[in-house]
Amino acid sequence: MSSQERALRFDREHARQLRALAYRMLGSRAEAEDVVQDAWIRWADIDESKVQHAGAFLSRMVTNLCLDQLRASATRREQYVGVWLPEPMLDEDSGWAPSPESQAEFAQDVSMAFMLALQRLSPLERAAFLLRDVFDVDFDDIAHRLDRSPEACRQLVSRARQHVKADYARCELQADEQSRLLDAFNDAVRSLNVDALAKALTADAVMLADGGGRVSAVPRPLQGGSLIAKALIGFAKLPDSRAWELRAVRLNGMAACLVVNAANGELVQAITLTPSATEPGRIGAIYIQRNPEKLGHIAARFGLNTAP
């Protein structure tokens, strides 16, 4: 088999699954792509005929590469300026989006709320939890991949489940209902209507904004529908916001919008809405990604610029 044929086979049979694992481990699309590329380079030097299960071998490799990446970036993450949010991912990205029949599951497994819950786990807990509960790997195989005993892996998964359950509530919602919430949000922002926006939010809604120290952002989470509505409409009324346009997209399996400065073609921010798990028909959380380092791939997809 030629190197080109082998590369095509890797991309067709393994790359999507490996990207999915790496993105959930790292919370960064760019870093996940780098890890999968590194895995391919290493795989290209391995005699495939001596590997019994290529998929298991590669996912173990990617898991270990992600753990190495997390250890290397631990200090940088601790020194991150302001709120940290995962790098948003367009559902339609080639090589990343799921098949139509798995879209609902995908929306739960990469939602911003779920990704943030994962980030609060230790790297080993995260790896064990993802392999078991998201990718349905048995404990003997997880033990082999993480170089731990099966019982130790069971304990890692059990602790991770408790933490995730405490931090994240699954919320099943049809795409048309998500679109309705996005329309209500966009209409309120465009009309600068504080009351309408507050009504679209739950009383205990939360808003998180990630600027990464590169651009301005609310430095701490805001909580309370009325407070969030006043803050967002206040930002929308600023002179610099007059040329802003809202464009509907889907990010991380959820209804979202891109805020674009029509005057210079700059992608200002990406806003992802999460419906409330306890109050149907209302928004429970708003995630605003403003860090230009995390918006580059989305900007490129739509021919936009990002802040320098």
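Here, every reference points to the structure presented above.
Throughout, residues of each chain are indexed from 1 in the direction in which the sequence is written. In keeping with the predicted nature of the model, local features appear solely for residues at pLDDT of at least 70, side-chain atom pairs appear and are counted solely at 80 or more, and the whole-chain, interface and lining totals rest on all residues. Here the side-chain values reflect all heavy atoms present in the structure, with hydrogen atoms and water set aside.

A. Representation of the overall build of the chain. Helix numbers and strand numbers start at the N terminus; a helix is a DSSP run of H or I with at least 4 residues, a strand a run of E with at least 2. Looking only at helices and strands, one finds 13 helices and 6 strands in the chain. Relative to a compact globule of 308 residues, whose C-alpha radius of gyration would be 19 Å, the chain shows 20 Å and is just as compact. The principal-axis extent of the C-alpha atoms belonging to the chain is close to 65 × 40 × 40 Å. Burial here depends on accessible area, computed with a 1.4 Å probe over protein chains only, as a share of the maximum for the residue type. Under 20% is buried, over 50% is exposed, and the range in between is partly exposed. Looking at the chain as a whole, 50% of its 308 residues qualify as buried. Across the chain, the fraction of contacts at a sequence separation of at least 24, relative to all contacts at a separation of at least 6, is 65%. Summing over all exposed atoms, the chain offers an accessible surface of approximately 15,000 Å²; the carbon and sulfur share of this is 48%. C-alpha atoms define the radius of gyration, and 2.2 Å times the number of residues to the power 0.38 defines the globule rule. Pairs of residues are marked as contacts when any of their non-hydrogen atoms sit within 4.5 Å. Areas reported as accessible are Shrake-Rupley estimates using a 1.4 Å probe. Residue values count occlusion only from the protein chains shown.

B. Geometry of the side chain of R19. Secondary-structure assignment places R19 in helix α1 (residues 3–26). Think of a polar contact as two N or O atoms within 3.5 Å of one another; within protein, one of them needs to be a possible hydrogen donor and the other a possible acceptor, and neighboring residues in sequence only count if both atoms come from side chains. Within polar-contact distance, the side chain of R19 engages the side chain of D11 at 3.4 Å.

C. Seen up close, the pattern of salt bridges. Here a salt bridge means any side-chain nitrogen of Lys or Arg lying within 4 Å of a carboxyl oxygen belonging to Asp or Glu. Applying the stated criterion across every chain, the model contains 16 salt bridges. Between D11 and R19 there is a salt bridge whose closest N-O contact spans 3.4 Å. On the accessibility criterion, D11 (44% relative accessible area) is partly exposed. Among the ionic contacts, a cluster of salt bridges with common partners joins R6, R9, R12, E13 and E48.

D. Representation of the environment of Q69 within the structure. As for its position among the elements, Q69 is in helix α3 (residues 54–72). Taking the relative accessible area as the measure of exposure, Q69 reaches 25% and is therefore partly exposed. When the C-alpha positions of Q69 and M25 are compared, they lie 9.7 Å apart, and in sequence the two are 44 residues distant. Setting aside its immediate chain neighbours within four residues, Q69 contacts L26, E31 and R76.

E. Layout of the packing of aromatic side chains. What counts as a ring pair is set by centres within 6.5 Å for rings of Phe, Tyr and Trp (its six-membered ring), and what kind of pair is set by the plane angle: stacked under 30 degrees, edge-to-face over 60, tilted for all other angles. In this structure the tally under the stated criterion is 3 aromatic pairs. With 5.3 Å between their ring centres and 45° between their planes, F10 and W40 make a pair best called tilted. Of this pair, F10 sits in helix α1 while W40 sits in helix α2 (residues 29–44), and the two are 30 residues apart along the sequence. Each member of the pair, F10 together with W40, is buried. A centroid spacing of 6.2 Å and a plane angle of 45° characterise the contact between F114 and F129, whose relative ring orientation is tilted. Of this pair, F114 sits in helix α6 (residues 112–119) while F129 is found in helix α7 (residues 123–134), placing the two residues 15 residues apart along the sequence. For the pair F114 and F129, one class covers both residues: buried.

F. Here's a closer look at helix α9 (residues 150–167). Its 18 residues place the ends of α9 26 Å apart at the C-alpha level, agreeing with the 26 Å of an ideal helix rising 1.5 Å per residue. Of all the residues in α9, the buried ones are C153, L156, V157, A160 and V164. Burial along α9 is one-sided: seen end-on, the buried residues are contained in an arc of 95°. In α9, the exposed residues that point more than 90 degrees away from the buried face are Q162, K165 and A166. In this analysis, the expected span of each helix is defined as 1.5 Å times one less than the number of residues it contains. It is the directions from the helix axis to the C-beta atoms whose arc is reported.

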